[in-house]
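In case you want the letters, here they are:
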Amino acid sequence: MYTLRMAKRMLFETNKRLLWKLIWNLGVKGSRSVFLHKRRMKKGQYFPPFLYVSIINSCNLRCQGCWVDVAHKQQTIDLKAMNKLIGEARQVGNSFFGIVGGEPFMHPELFDIFAAHPDCYFQVFTNGQFITDEKARRMFELGNVTPLISVEGNEIISDQRRGRLDVYSKTLAGIDACLRNKVMTGVCTSLAKSNIDHLLTEAWVDRLIEMGVLYTWFHVYRPMGPDANPELCLTPEQQRRARQFVVEMRAKKPIIIIDAYYDGDGKALCPAANGISHHINPWGDIEPCPIVQFSKESIHSGKDERTLFEKFTQSEYLADFRKLSQETTRGCIVLERPDLLAKLVEKHEAKDSTARATAMQELRSMTSRTSQYHPGYEIPEKNIYYRIAKKLLFNDFGVYEGHDHSRTSAYGQERVQQESVSQEPVQPEPAQR
Ligand code: SF4
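The sections below set out a description of the structure shown in this document. Just so it is clear, the model here is predicted, and its values are computed rather than measured. (Residues numbered from 1 in each chain as written. Predicted model: local features only at pLDDT ≥ 70, side-chain atom pairs only at ≥ 80, totals over all residues. Heavy atoms only, no water.)

Regarding the overall build of the protein
Test applied: Where helices and strands are cited, they refer to DSSP runs of H or I of at least four residues and of E of at least two residues respectively, numbered from the N terminus. We compute the radius of gyration over the C-alpha atoms and compare it with the globule rule, which gives 2.2 Å times the number of residues raised to the power 0.38. A 1.4 Å probe rolled over the protein chains alone gives each residue an accessible area, and that area as a share of the maximum for its type sets the label: buried under 20%, exposed over 50%, partly exposed in between. Working rule for contacts: check all heavy atoms of both residues, and any pair within 4.5 Å makes them a contact. The method behind every accessible area is Shrake-Rupley, applied with a 1.4 Å probe, and residues are considered shielded solely by the protein chains displayed. Working convention for charge: Lys and Arg count positive, Asp and Glu count negative, and His plus the chain ends are omitted. By convention, charge coordinates are those of NZ in Lys, CZ in Arg, CG in Asp, or CD in Glu.
Of regular secondary structure, the protein possesses 17 helices and 12 strands. Its C-alpha atoms give the protein a radius of gyration of 21 Å, within 12% of the compact-globule value 22 Å for 433 residues. Buried positions account for 58% of the 433 residues belonging to the protein. For the protein, long-range pairs separated by at least 24 residues make up 75% of all intrachain contacts whose partners lie at least 6 apart in sequence. Carbon and sulfur atoms make up 57% of the accessible area of the protein, which amounts to about 18400 Å² in all. In the protein, 58 positive and 51 negative side-chain charges are present, and the distance between their average locations comes to 5 Å.

So, in C-alpha cells, the structure goes:
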C-alpha cells in the first residue's frame, strides 16, 4: 500500500525533468559518492561525500538556539570560492551539497552557484521567507535544487521560536510559491518542547502531503549559541517518541522522511563521527559539524596551498574529533560530553571559528544531556526501503566497533555519578518496550 501511494505521488505530482535530476544527480551519483567514501575509509582517508556549506551568516530571523553569527557584519562564500570548492569536491566523486546559513536566499549569487553546476544537486536549508514566485520559477528551471523549509510551530510558537512576527504566514507563502512552481520541496522542524505536540503528529504529516510537500525531516533541538534556551530540549522519552513516530510514519505515509541519526536497525550514529558529512562556515573554516565551531583548516588558500582533499584527509583535528566521538558515544558528543570536546579543542589549539568569539565559553556552560543514543531502546525501520537504503548507504560504516560506551556516554556518565554517590556498581537499566 505504501509503495503504491508513494510511487503515485512521485509519478503524478512531480515534474519528470526534476524527478530525473533528483534520481541521477542525487540518487545515483550521491550513492556513488558514499561508496567512494567507504572505499577511502579503508585507506584511512576521510573526505565527506556530503558537504554542508554555510554560504552566508546573515539572516532576517533570530531563532532560539541558533549558533550562527546572524547579527554580525555579513560574510559570504562568493561564487568564485564556491566554484573552486565544488570543483575540487567533484574531482573525488561528490555531487550533493547542503547549502545552509544564515539564510541562503539572502546570498546575492545563490542562483549562479546552482546554475554553474547543473550535474550536482543542492539542498537549501531555508526559512522560506525570501522565496517568491520568480525565485521558485528559477529553481524549477534549474531543476537541481530542493528547498528544505523550516516550520517551527503554529503562528504563536513560530514567532516565539524565531524572534520575529508573522513568521508562520511568511514561511507558508514561501512553501506555496515552491509548490505552485512544481519545485521538489521539503519541510523540516527542529523538535523542541514548545512544538513537539503540534508538529510531531499524523495530522501535520497529512497536511504536508495534502500541500504537495515531497519530504520532511524532524531534527532535534540543540541548545547552542548565545541564546541557547536549554529548557527547550526534548526529554529522553520525547527523543525516543520522535524516533518511534518517524518509523511508524515511514511505514504508512506517502512522504519521504529523512533522518541523519539512525541506521536501519535503529542504532544511533553521528554523521560527523563516520565522516559522511562535515561543515564549512561562512568564513571558509572547515568544522566537524555546524555546531562544533572550532577549526584548524580553511577552504581559502592563504598560506595553505594544499587541495581541499588534502586539507580534509590530512586534518589531525578532524581525525581526532571522529575518534573521540566514536570512543565516547553513538550519539552527539556536543550534547553528551561537551567537557571532552572542550579538551579536544584545547589539545589541537583549534581556533574559535565564530565572529562573536564566545564558542568556548558557550561550550563550557553546557551540561551533559542525552541525544539520539538510547542504549536498549533501538527502534528498527519497519519500511523495507529505508532498511535497504540505510544498509547500503547510511549506517556507522563500522566506526563504533569495539568501543564500549557504557561509562562514557550521557547515560554512562549518569551511572558513574550514581556509583560515586552509592559506592555500589550500577547496572544499565533493562530496556522497557
Ligand atoms: S556532533 Fe552532534 S550535531 Fe554534530 S553531527 Fe554529530 S550528532 Fe550531529
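Alright, that's what it looks like, and here's the rest.
Examining the site of the ligand
The line we're drawing: Residues are counted as near a molecule or strand when any one of their heavy atoms sits within 4 Å of it. By the convention adopted, Pro, Cys, Tyr, Trp, Phe, Met, Ile, Leu, Val and Ala count as nonpolar, Lys, Arg, Asp and Glu as charged, and the other residues, Gly among them, as polar.
Around the ligand, the neighbouring residues are R222, Y261, C270, P271, A272, C289, I291, C332, V334 and Q372. For the shell around the ligand, the per-class residue count stands at eight nonpolar, one polar and one charged.

With respect to the packing of aromatic side chains
Each aromatic ring pair is specified by the distance between its two centres and by the angle formed by the two planes. Our working rule: Only Phe, Tyr and Trp rings take part, Trp by its six-membered ring, and two of them pair if their centres are within 6.5 Å. Stacked means planes under 30 degrees apart, edge-to-face means over 60, and tilted covers everything else. Both a distance and an angle decide whether a charge sits over a ring: NZ of Lys or CZ of Arg must be within 6 Å of the ring centre and within 35 degrees of the ring normal.
Tallied over the entire structure, the rule returns 13 aromatic pairs. Aromatic side chains F114 and F122 sit 5.2 Å apart centroid to centroid with 45° between the ring planes, which places their arrangement in the tilted category. Here the two residues F114 and F122 agree in accessibility, since each one is buried. What links up through ring pairs into an aromatic cluster is the set F50, Y52, F96, F125 and W217. Above the plane of the ring of F140 lies R17, whose end atom (NZ or CZ) is 4.9 Å from the centre. The positively charged end of R240 is found above the aromatic ring belonging to Y377, 3.8 Å away from the centroid.

Considering the pairing of strand β3 (residues 121-126)
Rules: For two strands to count as paired, DSSP must find a minimum of two bridges between them. Crossover handedness is defined by viewing with both strands directed away from the observer: a clockwise path from the first strand over the helix to the second marks the crossover as right-handed.
Across the six residues of β3, six count as buried, placing the element largely inside the fold. Burial of β3 is two-sided: the residues Y121, Q123 and F125 facing one way and the residues F122, V124 and T126 facing the other way are all buried. As judged from the four bridges shared by strand β2 (residues 96-100) and β3, these two strands associate in the parallel manner. Its bridge partner lying in β3, F97 is registered against F122. Two strands pair when backbone bridges link them, and β3 and strand β4 (residues 145-150) are joined in this way by five bridges, in the parallel orientation. When the sheet's bridge partners are listed, V124 is paired in β4 with P147. Tracing the backbone out of β3, into helix α5 (residues 133-142) and back to the parallel element β4 gives a crossover that is right-handed.

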